[in-house]
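Chain residues, written in single-letter form:
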Amino acid sequence: MKYSDDLFDESNDLAFASVLGVFCGIASALASIYSAEAAYIFIAIPIGNLLAMKVDGIHHIITLIVFIFILLVGGIPDLSLVVLLICILGTLSDEVGHELIGKVTQNKFWNLFFEYRFVLKIVILLLAVSGVFSFWIFACFILFEISYTCAGILFENLN
């Protein structure tokens, strides 16, 4: 989704951004159908982004529609509302912090903390430590986050 977002924001390439978004929506939905733990994460991320008003392009809407459609057809696992809300709050905190932190402080720690959106990472780690999530899902989430960061670096280097 990072590469899709950068394509839309920087290159105004709606077609390719939308195609990549569709692939992201499919992959996220399939992971969510397969694993309740993944569902918490992949449902919380779009809800947190919607609440933070970060859904700012048609490519996001297309991705969200594909994601929701596949979830509705494939079935959403049983989820605890409390755990889902915790994940949503983690995502929302990351998005709001990412947008605002540079305006409130020049502290390098806090700027890096929110630049790389560490709130949800810590939330997922705490859920794994407490036994709500497996450490496997935490490891997969970290790999997902690394690939997100790498996509941003790749986009910058290609453009």
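Going by the structure above, here's the rest.
These numbers were taken from a predicted model, which means no experiment stands behind them.

(A) Broad picture of the overall build of the protein chain. Scanning the protein chain for helices and strands turns up eight helices and zero strands. When its helices and strands are written in sequence order, the protein chain yields α-α-α-α-α-α-α-α. The C-alpha atoms of the protein chain give a radius of gyration of 16 Å, which matches the 15 Å a tight globule of 159 residues would have. With the principal axes as the frame, the protein chain shows a C-alpha extent of 40 × 40 × 25 Å. Per-residue burial over the protein chain gives 40% buried out of 159 residues. At a minimum sequence separation of 6, the contacts of the protein chain that also span at least 24 residues come to 69%. Of the roughly 9100 Å² of accessible surface on the protein chain, 71% is carried by carbon and sulfur atoms. A gap of 8 Å separates the mean positions of the 6 positive and 14 negative side-chain charges of the protein chain.

(B) Layout of helix α3 (residues 36-51). Spanning 16 residues, α3 covers 22 Å between terminal C-alpha atoms, matching the ideal 22 Å at 1.5 Å per step. Turning to α3, its buried residues number three or more, namely E37, A38, A39, Y40, I41, F42, I43, A44, P46, G48 and N49. In this structure, the buried side of α3 is in contact with α2 (14-34), α4 (58-74), α5 (81-104), α7 (118-129) and α8 (135-158). Sitting at the head of α3, S35 places a side-chain oxygen 3.3 Å from the backbone nitrogen of E37. M53 sits one or two residues past α3 and shows a positive phi near 60°.

(C) Broad picture of a nonpolar patch on the surface. Where nonpolar side chains cluster on the molecular surface, the patch consists of F16, V19, F23, I26 and L30 and spans about 450 Å² of accessible area. As for its placement among the helices and strands, F23 is situated in helix α2.

(D) The arrangement of a negative patch on the surface in detail. On the surface, a cluster of negative charge is contributed by D9, E10, D56 and E156. Summarising the element assignment, D9 is placed in helix α1 (residues 2-11).

(E) Quick look at the packing of α1 against α8. Close contact between α1 and α8 brings their axes to 8 Å; oriented N to C, the two are set at 35°. In the packing of α1 onto α8, the handedness of the crossing is right-handed. On α8, the residues that touch K2, Y3, D6, L7, E10 and S11 of α1 are Y148, A151, G152, L154, F155 and L158. Broken down by class, the residue content of the contact of α1 with α8 amounts to seven nonpolar, two polar and three charged.

(F) Representation of the pattern of salt bridges. Here the structure, examined in full by the defined rule, presents four salt bridges. Its salt-bridge partner being E95, residue K54 comes within 4.0 Å of it at the nearest N-O pair. Of this pair, K54 sits in the loop between α3 and α4 while E95 sits in helix α5; the two residues are 41 residues apart in sequence, bridging distant segments of the chain. The exposure class assigned to E95 is buried, which follows from its relative accessible area of 8%.

About the criteria used
- Residues numbered from 1 in each chain as written.
- Predicted model: local features only at pLDDT ≥ 70, side-chain atom pairs only at ≥ 80, totals over all residues.
- Heavy atoms only, no water.
- Helix = DSSP H or I, 4+ residues; strand = E, 2+ residues; numbered from the N terminus.
- Rg over C-alpha atoms; globule rule 2.2 N^0.38 Å.
- Buried < 20%, exposed > 50% of the residue type's maximum accessible area, 1.4 Å probe, protein only.
- Contact = heavy atoms within 4.5 Å.
- Areas by Shrake-Rupley, 256 points an atom, 1.4 Å probe, with all protein chains shown as cover.
- Lys, Arg positive; Asp, Glu negative; His and termini not counted.
- Charge placed at Lys NZ, Arg CZ, Asp CG, Glu CD.
- Expected span 1.5 Å × (residues − 1).
- Polar contact = N/O pair within 3.5 Å; in protein donor to acceptor, adjacent residues only side chain to side chain.
- Patch = residues over 30% accessible without salt bridge, like charges linked within 9 Å, V, L, I, M, F, W, Y side chains within 5 Å.
- Salt bridge = Lys/Arg side-chain N within 4 Å of Asp/Glu carboxyl O.
- Axes fitted to C-alpha atoms, helices over the stretch in contact; angles between N-to-C directions.
- Left-handed = near helix turned anticlockwise from the far one by under 90°.
- Nonpolar A, V, L, I, M, F, W, Y, C, P; charged D, E, K, R; others polar.

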